[in-house]
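So the chains spell out like this:
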Amino acid sequence: MSAPLFDWSLIDWADIGIATLDTLTMLGASLTFTVLLGLPLGVLLYLLGPRRLLANKPAYATLSFVINALRSMPFVILLIVLIPVTVKLVGTSIGVAGAIPPLVVGAAPFFARLVESALREVDLGIVEATQAMGATTWQIVSRALLPEALPGLLAATTVTAVTLVSYTAMSGVIGGGGLGDLAIRYGYQRFQTEVMVITVLALLAVVQILQMAGDWLVRRATRK
Amino acid sequence: MIALHHINKTYQFDGRQVTALQDIQLQIPAGQVFGIIGRSGAGKSTLLRTLNLLERPDQGRVLIDGIDATALDQAGLRALRRQIGMVFQHFNLLAHRTVAANIRFALELAGELDAPAMAARVTELLALVGLTEQAKQYPAQLSGGQKQRVGIARALANQPKLLLCDEATSALDPQTTQAILQLLLDINQRLGLTIVLITHEMAVVRAICDRVAVIDGGSIVEQGTVADVFLHPQHAASRNMVAEDGHAAVLDLAGKLHTGAGKLLRLTFVDAATYEPVIAEVGQQLASPINILQGSVGRIKDRPYGQLIVGLQGDVSAAQAAFASRGVRCEDLAA
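This text gives an overview of the structure that appears in the document. Only a predicted model underlies this, so the values are computations on that prediction, with no experimental measurement involved. (Residues numbered from 1 in each chain as written. Chains lettered and ligands numbered in written order. Predicted model: local features only at pLDDT ≥ 70, side-chain atom pairs only at ≥ 80, totals over all residues.)

### Observations concerning the sheet that holds strand β13 (residues 303–312) of chain B
All names here are of chain B.
Here is step 1: Pairing is antiparallel across the open sheet formed by 4 strands, whose spatial order is β12-β13-β11-β14. Edge positions in the sheet fall to β12 (290–300) and β14 (329–332), since each has one partner strand and no second. On average, each strand axis in the sheet is tilted by 15° relative to the strand beside it, whichever way the strands run.
Here is step 2: Bridge analysis of β12 against β13 gives 10 bridges, and the strand direction is antiparallel. Across the sheet, residue Ser296 finds its bridge partner in β13, namely Gln307.
Here is step 3: Sitting on the sheet, helix α12 (residues 316–325) touches β11 (263–270), β13 and β14, and the angle it makes with β14 is about 160°. (Pairing = 2+ DSSP bridges. Helix = DSSP H or I, 4+ residues; strand = E, 2+ residues; numbered from the N terminus. Axes fitted to C-alpha atoms, helices over the stretch in contact; angles between N-to-C directions. Contact = placed C-beta atoms within 7 Å.)

The structure is reproduced here in structure tokens:
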């Protein structure tokens, strides 16, 4: 009788549970801050864009450049570069808390771009009609643009959440905790392929659930 | 009520200067339906948008009830815009709001009514445009005509004194167009508000306008009562527009008819004259037959008109005098 391919008894299920919870915590916290930061940034980017309400070429170019610069930085590098900032913000550069600031800095510019393109999908005629009704710029954004773009914004949030899941896995590099950390320390460094398999499956499940939930919300919000 | 003084507007386009509006002078009397007709690219859309300053002119003044809109600050401009309704070719309804909520949107932005008062006003407007049944539907579930009714109700929500219509029927089929035009005319007569509409279709102007301005290449080339401009267009652009409409007797057969048809006259009847047997009477009086070669009869808004091209064998000046005495305008097309 040959030895089985995997020896599942090697797996510490409590560890897997804690790591999953850590991943979800990082995801929840970083997604929240990413949306809080990226949404206004995306709206601003949209408004400053050519032929938009607050069209301003230099301001748009500057903001656009900063966002591109942050987006072009590989996340692994960002994790390390941001260590001093992270320590200032949350008091530590490791663990779940230490992973959140770089996750937000990595994902917010990405999300802002997605917000900008979701808003661009809104027919300019709707903006014009709202303007013709005597709306302020704030009213146009809050009452017309954002509600009209809601399906697109929800889809953008879903994409960002999935991206954040893969970022959380990378934060294992700086001892960020979570499933990725577990996969690197046990699955890779200790050759426990079983742990690798389980963490990959757990990540797959998280991503799958996020995507399904996102799609469901988008469908519910769509009135077209 | 509305006066435009020396309006100029140019755009930068690919580094070139493009003149959109050139020295526009326009007076629009209160309570009328005023049409601005022109081809696409003639500047009519820009002109309409200067009335609520969605397009700010480079020079000139926009006077609305004596107030210079170009001199208002942001808050003043927003207050003015709330008194000007606007209806769009592509409706521009909010997809995420129901019919009732789309109408309420204008009231919410104005922020002058409380919730029960808004609900009452929405009910009233739904009845006005005949959409009471559709109150809870979303725009995607409506036909084009129904969407435009929502657009009109929304534009009327804050009880404006002026309604701007941007090609309001151009995206609709002919039957729906007639229904929407009737609704606009009904609103104009019942609520007494001024309507300014832009269109590229003479039929729209003929159906509901009192006065019309023809815009071509960014300038107003002709303006007057619809009957005058339609039956006696002076400018080439107006003449082309009338000819394409096919509802006026435009002489396009001159060459073919010249031989044997006699002298060509164009007769124009408006109002009471259309009900009289004028041609038969004049024929008897002159003792020479009058041959109807081409013509059109119809209505301009609620005024009946007829325009005929006739061939006459006898004396032209005698015929002209005879027609003139019966209130019919007679033009010698050979002249």
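### Some thoughts on the pairing of strand β9 (residues 211–216) of chain B
All names here are of chain B.
Here is step 1: Taking burial as the measure, the 6 residues of β9 include 6 buried ones, the bulk of the element.
Here is step 2: Every second residue of β9 is oriented toward a common face, with Arg211, Ala213 and Ile215 on one face and Val212, Val214 and Asp216 on the other, all of them buried.
Here is step 3: Pairing of strand β3 (residues 33–37) with β9, which is carried by 4 bridges, proceeds in the parallel orientation. Each bridged residue has a counterpart across the sheet, and for Ile37 the counterpart in β9 is Val214. (Buried ≥ 20, exposed ≤ 12 C-beta atoms within 10 Å, placed from the backbone.)

### Some thoughts on the interface of chain B and chain A
In many reports, interface size means the accessible area that the parts give up when they come together.
Here is step 1: Residue-level contacts link 18 residues of chain B with 19 residues of chain A.
Here is step 2: If you list the elements that add at least two residues to the side of chain B that touches chain A, you get α2 (74–82) and α3 (99–110) of chain B.
Here is step 3: Of the residues forming the side of chain B that touches chain A, the biggest block, 4 residues, is contributed by α2(B).
Here is step 4: A per-class count over the side of chain B that touches chain A returns 11 nonpolar, 4 polar and 3 charged. (Nonpolar A, V, L, I, M, F, W, Y, C, P; charged D, E, K, R; others polar.)

### Examining unusual backbone geometry
Here is step 1: In the Ramachandran plot, A:Arg51 falls in the positive-phi region, its phi being about 65° despite a non-glycine side chain.
Here is step 2: Note on placement: A:Arg51 falls in the loop between α1 (13–48) and α2 (57–72).
Here is step 3: Classification of A:Arg51 as exposed rests on a count of 6 C-beta atoms within 10 Å.
Here is step 4: Residues other than glycine seldom take positive phi values, yet B:Asn92 does so here, at roughly 55°.

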